[in-house]
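What follows is each chain in one-letter form.
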Amino acid sequence: MTSRLTLQQEIDAAIAIVRVGLDRLRDAATRTEDIAPHTAVLRALYDSQAPDNGVLAAVGDVIGTITVSITEVDDERIDRVVELLDEAQAYNQDSTGERIYRALELMAPLLPRCGGCGEQKPDVKAMKDPFTEALYPEANDHETVHLCPPCATARFEES
C-alpha cells in the first residue's frame, strides 16, 4: 500500500502521534502529588525488569533499525554515521535508562505498601475494605486498607 502523504507529512503525522502519547504520559504522572503515578510513568519510559519494553526501548529500536538500514548506503562517511547512531542508541537505553532506574530506586520506599501481599508498588490504593463492604454494604464504618488490584479482588472474593 502506497501512502498518499509526502514523506514530510508522514513524519509530521508520526511526530504528532508521539507527542500526544508523551503528553498523556506527562499528564498521567503529574495530575496529582502522589508518587505512584510518577513512578508508573517513569516505568513506562524505562523498566529495568523489562528493558526491551517502554518508550526508551521503542526510540532505541527506531535508531537501531535506521542504523542497520543506513549501512546499505555506499559512502565512506557511513561508518562514522553508524558509529554515532550506535552511540545514540546505547546512550538512550544505558545512560538515560540507568538514571531513571536510579530515580525509581530512590522513589520505591515512598510507594504505599499493599496490606495483602506486602509489596510497595504504584497501583496500591487506599480503599474501604472490600471484604467488609461486600458483607455489610449498609455499614458506614469500613476500615480503610491499602491494596493492589489483585489483593483487592482476592479480599472481595473472600467475602
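Conventions adopted
- Residues numbered from 1 in each chain as written.
- Predicted model: local features only at pLDDT ≥ 70, side-chain atom pairs only at ≥ 80, totals over all residues.
- Heavy atoms only, no water.
- Helix = DSSP H or I, 4+ residues; strand = E, 2+ residues; numbered from the N terminus.
- Rg over C-alpha atoms; globule rule 2.2 N^0.38 Å.
- Contact = heavy atoms within 4.5 Å.
- Areas by Shrake-Rupley, 256 points an atom, 1.4 Å probe, with all protein chains shown as cover.
- Lys, Arg positive; Asp, Glu negative; His and termini not counted.
- Charge placed at Lys NZ, Arg CZ, Asp CG, Glu CD.
- Buried < 20%, exposed > 50% of the residue type's maximum accessible area, 1.4 Å probe, protein only.
- Salt bridge = Lys/Arg side-chain N within 4 Å of Asp/Glu carboxyl O.
- Core = buried A, V, L, I, M, F, W, Y, C linked by side-chain atoms within 4.5 Å.
- Expected span 1.5 Å × (residues − 1).
- Bend = angle between axes of the 7 residues up to and from the residue.
- Patch = residues over 30% accessible without salt bridge, like charges linked within 9 Å, V, L, I, M, F, W, Y side chains within 5 Å.

## A look at the overall build of the protein chain
In step 1: Along its length, the protein chain carries six helices and two strands.
In step 2: Counted from the first residue to the last, the protein chain has its helices and strands arranged as α-α-α-α-β-α-β-α.
In step 3: Computed over its C-alpha atoms, the radius of gyration of the protein chain comes to 23 Å, more than 25% above the 15 Å expected for a compact globule of 159 residues.
In step 4: Overall, the C-alpha framework of the protein chain stretches about 75 × 40 × 25 Å when taken along its three principal axes.
In step 5: Intrachain contacts of the protein chain at a sequence separation of at least 6 include 49% that bridge at least 24 residues.
In step 6: When the accessible surface of the protein chain is totalled, it reaches about 11400 Å², and 55% of it is carbon and sulfur.
In step 7: Treating the 15 positive side-chain charges of the protein chain as one cloud and the 29 negative ones as another, the clouds have centres 5 Å apart.

## Examining the side chain of H142
In step 1: For H142, the location among the structural elements is in the loop between α5 (130–135) and β2 (144–147).
In step 2: A residue is classified by how much of its surface remains accessible, and H142, at 12% relative accessible area, is buried.
In step 3: Ignoring anything within four residues of it in the chain, the contact list for H142 reads K128, D129, T132, E133 and Y136.

## Remarks on the pattern of salt bridges
In step 1: The full count for this structure, using the stated rule, is six salt bridges.
In step 2: Salt-bridge contacts for R155 lead to D129; the nearest nitrogen and oxygen are separated by 2.6 Å. Separated by 26 residues along the polypeptide, R155 in helix α6 (residues 149–158) and D129 in the loop between β1 (125–128) and α5 bring together distant segments of the chain.
In step 3: Judged by its relative accessible area of 27%, R155 is partly exposed.
In step 4: Taking the relative accessible area as the measure of exposure, D129 reaches 3% and is therefore buried.

## What to know about the nonpolar core
In step 1: Residues C114, V124, V145, L147, C148, C151 and A152 constitute the largest nonpolar core, which totals seven residues.
In step 2: Looking at this core, the elements that each hand over two or more residues are β2 and α6.
In step 3: If we ignore the near neighbours within four places in the chain, the residues touching A152 are M127, P130 and L147.

## Brief notes about helix α4 (residues 78–107)
In step 1: The end-to-end C-alpha separation of α4 is 42 Å, in line with the 44 Å expected for 30 residues at 1.5 Å each.
In step 2: When the local axis directions of α4 are compared, the greatest deviation, roughly 35 degrees, occurs at Y91.
In step 3: The complete set of buried residues in α4 reads I78, V82, N92, Q93, S95, G97, I100, L104 and M107.
In step 4: Along its buried surface, α4 packs onto α2 (35–45) and α3 (55–70).

## As for a nonpolar patch on the surface
In step 1: A cluster of nonpolar side chains, namely L7, I11 and I15, defines an oily patch on the protein surface of about 280 Å² accessible area.
In step 2: Position of I11 relative to the elements: it lies in helix α1 (residues 7–30).

## A closer look at the environment of V18
In step 1: Residue position: V18 is located in helix α1.
In step 2: Spatially, the C-alpha atoms of V18 and D47 are 19 Å apart, while their sequence positions differ by 29 residues.

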